[in-house]
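Here is what each chain is made of, one letter per residue.
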Amino acid sequence: MTFNKDKFDKIIKKFMLIFLVLTVTAAGFNGFFLKWALRDGDPNFGLEAYMEGTAKRPFAHRVLIPNLAKTVASAIPADAKEKLAKRLIERREIEKKYAQAEVPPKYVVEYYLTVIFAFLSLFALIWVLRSILCEVTGDKVAGTLAALLFGLIIPYIEVLGGYFYDFPEFLAFFLAVRLALSGRLIALLILTPIAELNKETFFFFLPTLFPFVRQSLDLKKSAAYILGAMFIAGVTYLFVLSRFAENTGAMADWRIIDHAQDFFRINSYFITDSIYGIALPSRMLITHIIYVVWIGRTAWKFLSDEWKLHVKIALVINGALYFMFVLPGELRDLGLLFPSLMILTAYFIRDVIRKCYGLEG
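Cut-offs used in this document
Residues numbered from 1 in each chain as written. Predicted model: local features only at pLDDT ≥ 70, side-chain atom pairs only at ≥ 80, totals over all residues. Heavy atoms only, no water. Salt bridge = Lys/Arg side-chain N within 4 Å of Asp/Glu carboxyl O. Helix = DSSP H or I, 4+ residues; strand = E, 2+ residues; numbered from the N terminus. Buried < 20%, exposed > 50% of the residue type's maximum accessible area, 1.4 Å probe, protein only. Polar contact = N/O pair within 3.5 Å; in protein donor to acceptor, adjacent residues only side chain to side chain. Contact = heavy atoms within 4.5 Å. Expected span 1.5 Å × (residues − 1).

Undergrad: Tell me about the pattern of salt bridges, and please be specific about residues and values.
TA: What the rule picks out here adds up to 14 salt bridges. The residue Arg62 makes a salt bridge to Glu200 at a minimum N-O spacing of 2.6 Å. Of this pair, Arg62 sits in the loop between helix H2 (47-52) and helix H3 (64-75) while Glu200 sits in the loop between helix H10 (185-198) and helix H11 (202-205), and the two are 138 residues apart along the sequence. Beyond isolated ion pairs, a larger network of salt bridges with shared partners links Asp166, Glu169, Lys199, Glu330, Arg332 and Asp333.

In structure tokens, the structure reads:
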């Protein structure tokens, strides 16, 4: 049997890339978990409240990961689960490392499963995002760097609040774009109710996929497809809504007045917060705004017509939702715009690299 050096090199490079993505995932997730854990002990949206069905609306509606954790935990034989729970309680691996963590003994197995599912969602979304960016930009270096960057800025996104269901939400957005771009429309329909069980925002993300679906179907069929997918998402949401109709809280909180007041508050553009354990720029800091505007201004010209339309639709929908229902500066709820931001960032990185090496044009 002869030694194939080229094949061996490819395997080594793949393992190196996996290790790099895993390291970035660990860093980003650690930055999130260090600050928020699973909102432990909070009666409105802590994990224990999800397990017992008492979480406050609209948080109670984000049932995918809690239900998955309960299902997996219940599938473990009783004796084995009891031994595992006892071992996890005794070792206190999470509590030793994170001051915010208070793992409920009653749901210790479900807690660890929730952490694992959230972590794997972040790991997976970096791979999906990389796939999109490398293909669209035609540059594996720029696409990979931009995808890794998203993993590292997670703690900047998770300010004013951070939740385990954010990672499956972002994964669903990127995966939906991936499926729409590749014309796998049946798979996108299958994804729709699953993503909607995680968070209701997927309903609003579906219209942004119209330009990509249009590449596979004619105008009328594309519109019908998006409306059909939204119908599936809407029915799924109504089902979840009916299950938690008696819980405290409401479907959403109005924030228009908060935004009107915050817009004219100068100090809101110069805020720092604990990110990666130290005080770093946070929320709608003036430098963040400048960075995004500069990246958009530089990279917009590289976008295809389909991507430009996607960005415009996402900006209108997410902008309206943000100013109506989201706390000022809560960046994670700009999620509908993350595919747009990252494709612009990838093109920006590609442009910088090419200019550095004199490869313009």
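Past the structure itself, the notes keep going.
Undergrad: How would you explain the side chain of Glu110 if you had to name every residue and give the values?
TA: Looking at where Glu110 falls in the secondary structure, it is placed in helix H6 (residues 108-137). The exposure class of Glu110 is buried, given its relative accessible area of 7%. Side-chain polar atoms of Glu110 contact the side chain of Lys81, separated by 3.2 Å. Discounting chain neighbours no more than four positions away, the residues touching Glu110 are Leu47, Met51, Ala69, Lys70, Ala73 and Lys81.

Undergrad: Describe helix H7 (residues 140-152), with residues and values.
TA: For H7, with 13 residues, the first-to-last C-alpha span of 18 Å sits near the 18 Å given by 1.5 Å per residue. Among all positions of H7, only Ala142, Gly143, Thr144, Ala146, Ala147, Leu148, Phe150 and Gly151 are buried. Residues of H7 that are buried sit in contact with helix H1 (5-36), H6, helix H8 (154-157), helix H9 (166-181) and helix H17 (338-356). Backbone nitrogen of Val141 and a side-chain oxygen of the N-cap are separated by 3.0 Å at the start of H7; the cap is Asp139.

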